[in-house]
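These are the residues of each chain, in order.
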Amino acid sequence: MKKIFQLINETVLVFGLLMLVFFILSLAIGDSAKEASSLFVYGSDSISSAAIFQLLMLSLCVTILNAAVNSNFMIKIMPRIPRLIILFVLIFMILVFMILKFQWFSADQQLPWVLTAIAFVFSFTASTVTVFLKEKEENKKMTEALNSFQISAK
């Protein structure tokens, strides 16, 4: 049950961040992207219910993939870098699938693909660095606690 709540929490966090990004994008480029993307069908006025649901599904897929790739089983059989590469590729494949399936923008337009790739690489890198730094800080605290426990046990 704890794992389910953790998946829900992570999905809602990813979804919230996606909604924030798309809210800002809709204000900034919504009117100019109105004709080019189904995500901005209402221009700068709003985000459609269909787009919100699609972004929720993307968030859920990302969270499930992340949980699978970072499961204890995968950690035991594969080092961090290959797991990150697998996660990067799988999430990018899902993103491409959703772009094509839901026609977020035309497949033959180069600029949206380039911008999507740049945004994806930036956000993936930022979240990876954040997780790494948080993990490093937690490891430092655990080492300090262990050291103080060993000193008090003597």
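Procedures and definitions
Residues numbered from 1 in each chain as written. Predicted model: local features only at pLDDT ≥ 70, side-chain atom pairs only at ≥ 80, totals over all residues. Heavy atoms only, no water. Helix = DSSP H or I, 4+ residues; strand = E, 2+ residues; numbered from the N terminus. Rg over C-alpha atoms; globule rule 2.2 N^0.38 Å. Contact = heavy atoms within 4.5 Å. Areas by Shrake-Rupley, 256 points an atom, 1.4 Å probe, with all protein chains shown as cover. Lys, Arg positive; Asp, Glu negative; His and termini not counted. Charge placed at Lys NZ, Arg CZ, Asp CG, Glu CD. Patch = residues over 30% accessible without salt bridge, like charges linked within 9 Å, V, L, I, M, F, W, Y side chains within 5 Å. Salt bridge = Lys/Arg side-chain N within 4 Å of Asp/Glu carboxyl O. Buried < 20%, exposed > 50% of the residue type's maximum accessible area, 1.4 Å probe, protein only.

K.L.:
Help me understand the overall build of the protein chain in this model?
P.N.:
The helix and strand inventory of the protein chain stands at five helices and zero strands. Listing each helix as α and each strand as β along the protein chain from the N terminus yields α-α-α-α-α. The C-alpha atoms of the protein chain give 19 Å as radius of gyration, which overshoots the globular expectation for 154 residues (15 Å, by more than 25%). Put simply, of all contacts in the protein chain between residues at least 6 apart along the chain, 55% involve residues at least 24 apart. Surface exposure of the protein chain reaches about 10,900 Å², of which carbon and sulfur atoms provide 72%. Both charge centroids of the protein chain, one from 12 positive and one from 9 negative side chains, sit 15 Å from each other.

K.L.:
Where do I start with a nonpolar patch on the surface in this structure?
P.N.:
Taken together, the side chains of L13, L17, L20, F23, I24 and L27 define a hydrophobic patch exposed on the protein surface, amounting to about 610 Å² of accessible area. Given the relative accessible area of 47%, L20 is considered partly exposed.

K.L.:
Would you explain the environment of F23 in this entry?
P.N.:
Relative to the elements of secondary structure, F23 occurs in helix α1 (residues 2–33). Overall, F23 belongs to the partly exposed group, its relative accessible area being 44%.

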